[in-house]
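Residues per chain, in single letters:
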Amino acid sequence: MELPEEPTQNDAQAILKNTIEELSNQPIGNLKNSKKGHHPLRKAQMTILTSVIGPAYQVSPEFFIILICKQVSLSCRYGNFINSAFAYTALGSILKTYTDDIELAYKFGQLGLEIHKIAGVKEYEAKMYCPYYSMIHHSKNHLNETLDYLVIGYKSGLETGDYEFAGYNLVFYCCNLFLVGNSLEAIKEELFQYVEAVNAIRQISSATYIAIFLQAILNLQGKTPSCCRLVGEIYDEDKMAPLHSEQRDNAAILFANALKSMLCFLFERYEEAIFH
């Protein structure tokens, strides 16, 4: 299997297009009932690709897309492996993000859930729930419905030792909890606990992402010197932004800028909101 060392947007778009065309040769429902994948080499490739999904998502959206498309292609050709459900669900999240086809994205998310239910593999539950309930489910359902499942994903990750995706589930739980409009004070106390929880399992990136949301809450409560800059005891953009850029932590950059734009809008600094 060949993978580009420094994939470009064109590389990612090309393989995504090819993958969608490959999948269009049969009804999506048929993929649920595909034979079980047994090919030793392909099984090993699927395992290796899955193991680097998390870091790829953080530093290179293009590489993330390519890895997922490779997994989907292997599943389509050689049958469903234990991690195929995650691949199909992740493809749904990619389609939701990079195309206008919400219906197709939702169908692949549902396909992943159905294959996961059939396989009954607990070790991939945290990986499964994260892309579906952070990116796909709320396309057709209330965002509030995602919260319990993201907590289940977090707890499942703790049980199976998938601390990386346990942390990611908790990040998106905190994100969605913030967005559904609960009491800021209640959310703040909960996020303080979760920063400690993910630090305890040494998921530093996830702890940082939650801290960004926590700092935004403190800004909204008027407990910071600047209402629109994420500078405080919990998170300091002056110190962290250069580090995020150096580490190519695109997720941290996205969370920080999205929240700063939101803060600027809420505090009626519209030109600054557009800048972010």
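Scroll up to find the structure.
In this text the structure is predicted, and so the values were computed from the model without any measurement.

Asks: Help me understand the pattern of salt bridges in this model?
Replies: Side chains carrying opposite charge are able to pair once their charged atoms draw close together. This structure, assessed with the given rule, holds 11 salt bridges. Notably, a salt bridge pairs Lys32 with Glu114, separated by 3.8 Å at the nearest N-O pair. Here Glu114 lies in helix α7 (residues 102-119) and Lys32 lies in helix α2 (residues 28-32), a separation of 82 residues in the sequence. You can call Lys32 partly exposed: its relative accessible area is 31%. One salt bridge connects Glu272 with Arg269, and the closest N-O pair in it is separated by 3.9 Å. Taking relative accessible area as the criterion, Arg269 reaches 35% and is therefore assigned partly exposed.

Asks: Quick question: what am I supposed to make of the packing of aromatic side chains here?
Replies: Note on aromatic pairs: each is described by the distance of the centres and the angle between the planes. Overall, the coordinates contain 16 aromatic pairs when judged by the stated rule. Aromatic side chains Tyr133 and Tyr149 sit 4.4 Å apart centroid to centroid with 0° between the ring planes, which places their arrangement in the stacked category. Here Tyr133 is found in helix α8 (residues 125-136), whereas its partner Tyr149 is found in helix α9 (residues 146-160), with 16 residues between them in sequence. According to the relative accessible area criterion, Tyr133 is buried, its value standing at 6%. The partly exposed category is assigned to Tyr149, whose relative accessible area is 34%. Ring geometry for Tyr173 against Tyr194: centres 5.7 Å apart, planes inclined by 90°, an arrangement best described as edge-to-face. Within this pair, whereas Tyr173 is found in helix α10 (residues 163-179), its partner Tyr194 is found in helix α11 (residues 184-200), the two being separated by 21 residues in sequence.

Asks: Whenever I open this one, the packing of helix α6 (residues 84-98) against α8 confuses me. Can you help?
Replies: Each pair of packed helices can be summarised by the angle the axes make with each other and by the distance between the axes. Packing of α6 against α8 brings their axes to within 9 Å, and their N-to-C directions diverge by 20°. In this view, α6 runs roughly parallel relative to α8, as classed from their interaxial angle. Crossing angle aside, the handedness with which α6 passes α8 is left-handed. Between α6, through Ala85, Phe86, Thr89, Ala90, Gly92, Ser93, Lys96 and Thr97, and α8, the contact on the second element is made entirely by Lys127, Met128, Pro131, Tyr132, Met135 and Ile136.

Asks: Honestly, a nonpolar patch on the surface in this entry has me stumped. Any pointers?
Replies: A cluster of nonpolar side chains, namely Leu179, Met262, Phe265, Leu266, Phe267 and Tyr270, defines an oily patch on the protein surface of about 570 Å² accessible area. When residues of the nonpolar patch are assigned to their parent elements, the largest contribution, 3 residues, is made by helix α14 (residues 250-266). Along the chain, the position of Met262 falls in helix α14.

Asks: Would you mind showing me how to read the nonpolar core here?
Replies: Core analysis: the largest hydrophobic core is formed by 79 residues, its most contacted members being Ile68, Tyr88, Phe108, Tyr173, Leu191 and Ile210. Contact partners of Phe108, with chain neighbours within four places excluded, come to Leu23, Ile28, Leu31, Tyr88, Thr89, Leu91, Gly92 and Leu95.

Asks: How do you make sense of the packing of α6 against α7 when you look at a structure like this?
Replies: Running from N to C, α6 and α7 point in directions that differ by 165°, and their axes come no closer than 7 Å. The orientation of α6 relative to α7 falls into the category roughly antiparallel. As α6 packs across α7, the resulting crossing turns out to be left-handed. Touching Ala85, Tyr88, Thr89, Leu91, Gly92, Leu95 and Lys96 of α6 are Leu104, Ala105, Phe108, Gly109, Leu111, Gly112, Leu113, Ile115 and His116, all from α7. Taken together, the residues of the contact of α6 with α7 sort by class into 10 nonpolar, 5 polar and 1 charged.

Asks: For this particular structure, what's the right way to read α10?
Replies: It helps to recall that an α-helix has 3.6 residues per turn; residues three or four apart then point in one direction. With 17 residues, α10 should reach 24 Å at 1.5 Å per residue; the first-to-last C-alpha distance of 24 Å fits that figure. Within α10, 14 of the 17 residues are buried, which leaves the element mostly enclosed by the surrounding structure. Taken from the residues just after α10, Gly181 is the one with a positive phi, measuring 95°.

Reading the values: the criteria
- Residue positions are given per chain, counting from 1 as you read along its sequence in written order.
- Side-chain atom pairs in this predicted model are given and counted only at pLDDT of 80 or more, local residue features only at pLDDT of at least 70, and totals for whole chains, interfaces and linings cover all residues.
- The side-chain numbers reported here are obtained from all heavy atoms of the structure, hydrogens and water having been left aside.
- By definition here, a salt bridge exists when the distance from a side-chain nitrogen of Lys or Arg to a carboxyl oxygen of Asp or Glu is within 4 Å.
- The secondary structure listing takes helices from DSSP runs of H or I that are at least 4 residues long and strands from runs of E that are at least 2 residues long, numbered from the N terminus.
- Three exposure classes are used, based on accessible area relative to the maximum for each residue type with a 1.4 Å probe and protein chains only: buried under 20%, partly exposed in between, and exposed over 50%.
- Aromatic rings from Phe, Tyr and Trp, taking only the six-membered ring of Trp, are treated as a pair when their centres fall within 6.5 Å; an angle between ring planes under 30 degrees marks them as stacked, one over 60 as edge-to-face, and anything in between as tilted.
- Between N-to-C directions, angles span 0 to 180 degrees; the directions come from axes that are lines fitted to C-alpha atoms, helices contributing only their stretch in contact.
- For classification purposes, an angle smaller than 35 degrees is called roughly parallel, one larger than 145 roughly antiparallel, one from 65 to 115 roughly perpendicular, and anything else oblique.
- In this scheme the crossing of two helices becomes right-handed for a clockwise turn of the near helix relative to the far one and left-handed for an anticlockwise turn of less than a right angle.
- Here, residues are in contact when the closest pair of their heavy atoms is within 4.5 Å.
- Each patch is assembled from residues with relative accessible area greater than 30% and no salt bridge, linking like charges that lie within 9 Å and nonpolar side chains (Val, Leu, Ile, Met, Phe, Trp, Tyr) that lie within 5 Å.
- The protein chains shown are the only cover counted for residues, whose accessible areas, like all others here, come from Shrake-Rupley with a 1.4 Å probe.
- What makes a nonpolar core is a set of buried Ala, Val, Leu, Ile, Met, Phe, Trp, Tyr and Cys residues whose side-chain atoms join them at distances within 4.5 Å.
- Any residue that is not Ala, Val, Leu, Ile, Met, Phe, Trp, Tyr, Cys, Pro, Asp, Glu, Lys or Arg is counted as polar, Gly included; the first ten are nonpolar and the last four charged.
- Between the first and last residue of a helix there are one fewer steps than residues, each counted as 1.5 Å, and that sum is the expected span.

Function cannot be read off these values alone, since they describe shape.
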